[in-house]
Amino acid sequence: MKFWILFLASVCSVLSWADCHTLDLSVLFSKDFMVIGAKGGFTPNIFYTTQSGQYGTRYVTLHRESEDDPGRIMWALYSEKNGTLDHVIVDEDGQMYKAVGSGEGGKNPPSRKSFKYRGKDGVVAPLSALDEVAWNLIQLRKTAEDRHDSNDVLIVVESEQDREAFLRKIRSYKPLVQMAKNAGISYFSFAVSGEVGANFGDLTKLSQDMYDAVGLKMPPQEEVKKHQRCSCVVSSEKRTPRAVMFENDNRDGVGEPVELNTPHNRGVLKILKGK
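Bear in mind that the values here come from a model prediction, so they are computed numbers and not experimental data.

> Quick question: what am I supposed to make of the overall build of the protein chain here?
When you go through the protein chain residue by residue, the secondary structure sums to seven helices and 14 strands. Taken across its 275 residues, the protein chain has 48% of its residues classed as buried. Across the protein chain, contacts joining residues at least 24 apart in sequence account for 66% of those joining residues at least 6 apart. Total accessible area on the protein chain stands at roughly 14,500 Å², and carbon and sulfur atoms take up 48% of it.

In structure tokens, the structure reads:
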């Protein structure tokens, strides 16, 4: 499985995780998969497709067995509230009731009985990739609640050429942000990979709009300084730590090219070994 992604496109240098006792939770969104980073490693990719149906437009998880596999829809058992999906139902061990659909592309849902769920409520619906990311994020956080940054998460997104299209994409991640907040995560920052479009305008205003899009307040500068990430430390005294980091951001007048220390150009094995 191809495992190269654009990650932490920012004005940062990467420290060895072996010398850094932090969790460094990150959620990375690419055009066809989502993945969580923690302590320099990564969870398996969560592949997805965009699907419109009874419950609106959603990012739906795809089960893929190889790089060339187009994938099949993953289905899950959901509680329902006022005709809309509420949350994924889990068993006594906290595991989601989920299964791969049958037929072409997994479009045929498994029967409700196949989940062996004893409750009377619950409907079978395509599993939201955001729900799966949130579940994994919460599980990772539970294993490292002793780390001082276990309530922090960095959301890494790819840029777009159009400002409104970019903000619509950010807005579509709001359910994930709300689930993370409900689980106790209290500090959110962003990193944007790739060049911003010509009509993006002022980056400070854009940063504020990104926080507004997911229902958050942008943290003040003093708060940002308190939450600098171990893997994301300002590499130049001229640079200002920011709640939203943009690739090749020159707001501080630093014109030299930014070297991106990422899985894309460092290699995943080096990161996992803390090199």
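> Explain a positive patch on the surface to me, please; I cannot follow it from the model alone.
Among the surface-exposed residues, R168, R171, K174 and K181 lie close enough to one another that they form a single positively charged patch. Those elements that place two or more of their residues in the positive patch are α2 (163-172) and α3 (174-182). Within the secondary structure, R168 is located in helix α2.

> Explain the pattern of salt bridges here, please?
Charged atoms that come close allow side chains of opposite charge to pair. Tallied over the entire structure, the rule returns seven salt bridges. A salt bridge links K169 to E160, with the shortest nitrogen-to-oxygen separation between them at 3.0 Å. Given the relative accessible area of 29%, E160 is considered partly exposed. In this structure, the salt-bridge partner of R163 is E164, at a minimum N-O distance of 3.8 Å. Residue classification places R163 among the buried positions, given a relative accessible area of 14%.

> Would you mind going over the nonpolar core with me for this structure?
Generally speaking, a soluble globular protein has its nonpolar side chains buried in company with each other. Counting residues in each nonpolar core, the largest one holds 43 residues, and the members touching the most others are F29, F166 and M210. Setting aside chain neighbours within four positions, we find F166 in contact with V157, E158, S159, E160, V192, F200, L206 and M210. The next biggest cluster of nonpolar side chains, apart from the first, holds 13 residues, and it includes L28, V35, F47 and L154.

> What is the right way to look at unusual backbone geometry in this model?
Non-glycine residue D24 carries a positive phi angle of around 55 degrees. Structurally, D24 can be placed in the loop between β1 (12-13) and β2 (26-29). Assessed through its relative accessible area of 3%, D24 is described here as buried. Here N82, not a glycine, exhibits a phi torsion of approximately 55 degrees, which is positive. Relative to the helices and strands, N82 is located in the loop between β7 (72-81) and β8 (84-88). The class of N82 is exposed, set by a relative accessible area of 75%.

> So what exactly am I meant to see when it comes to the pairing of strand β3 (residues 33-38) here?
Two faces belong to every sheet, and in a regular strand the side chains alternate between them. Among the six residues that make up β3, six are buried, leaving the element largely enclosed by the rest of the structure. Bridge count for β2 against β3 is four bridges, and the pairing is antiparallel. Considered in β3, the bridge of F29 is made with M34. Pairing geometry for β3 and strand β5 (residues 46-53), over two bridges, is antiparallel. For M34, the partnering residue across the bridge sits in β5 and is I46. Pairing geometry for β3 and strand β4 (residues 41-42), over two bridges, is antiparallel.

> Explain α2 here, please?
In an α-helix, one full turn covers 3.6 residues, which means residues spaced three or four apart are oriented alike. Within the span of α2, buried status applies to R163, F166, L167, K169 and I170. Axial view of α2: buried residues confined to an arc of 155 degrees, hence all on one face. Tucked into the core, α2 has its buried residues touching β6 (56-63), β11 (152-158), α3, β12 (187-193) and α4 (203-213). Capping the start of α2 is the job of one residue whose side-chain oxygen sits 3.2 Å from the backbone nitrogen of E164: D162.

> I tried to follow the environment of G197 on my own but got confused; where do I start?
Relative to the helices and strands, G197 is located in the loop between β12 and α4. Separated by 31 residues in sequence, G197 and F166 place their C-alpha atoms 9.2 Å apart. Look past the residues within four positions of G197 in its chain and what remains in contact with it is S159, E160 and Q161.

> Would you mind going over the environment of H87 with me for this structure?
Among the secondary structure elements, H87 is positioned in strand β8. A relative accessible area of 41% means that H87 is categorised as partly exposed. Excluding anything up to four places from it in sequence, H87 contacts L77, Y78 and S79. Within the structure, the side chain of H87 is placed 3.1 Å from the side chain of D86, a separation counted as a polar contact.

Procedures and definitions
Residues numbered from 1 in each chain as written. Predicted model: local features only at pLDDT ≥ 70, side-chain atom pairs only at ≥ 80, totals over all residues. Heavy atoms only, no water. Helix = DSSP H or I, 4+ residues; strand = E, 2+ residues; numbered from the N terminus. Buried < 20%, exposed > 50% of the residue type's maximum accessible area, 1.4 Å probe, protein only. Contact = heavy atoms within 4.5 Å. Areas by Shrake-Rupley, 256 points an atom, 1.4 Å probe, with all protein chains shown as cover. Patch = residues over 30% accessible without salt bridge, like charges linked within 9 Å, V, L, I, M, F, W, Y side chains within 5 Å. Salt bridge = Lys/Arg side-chain N within 4 Å of Asp/Glu carboxyl O. Lys, Arg positive; Asp, Glu negative; His and termini not counted. Charge placed at Lys NZ, Arg CZ, Asp CG, Glu CD. Core = buried A, V, L, I, M, F, W, Y, C linked by side-chain atoms within 4.5 Å. Pairing = 2+ DSSP bridges. Arc of directions from axis to C-beta. Polar contact = N/O pair within 3.5 Å; in protein donor to acceptor, adjacent residues only side chain to side chain.

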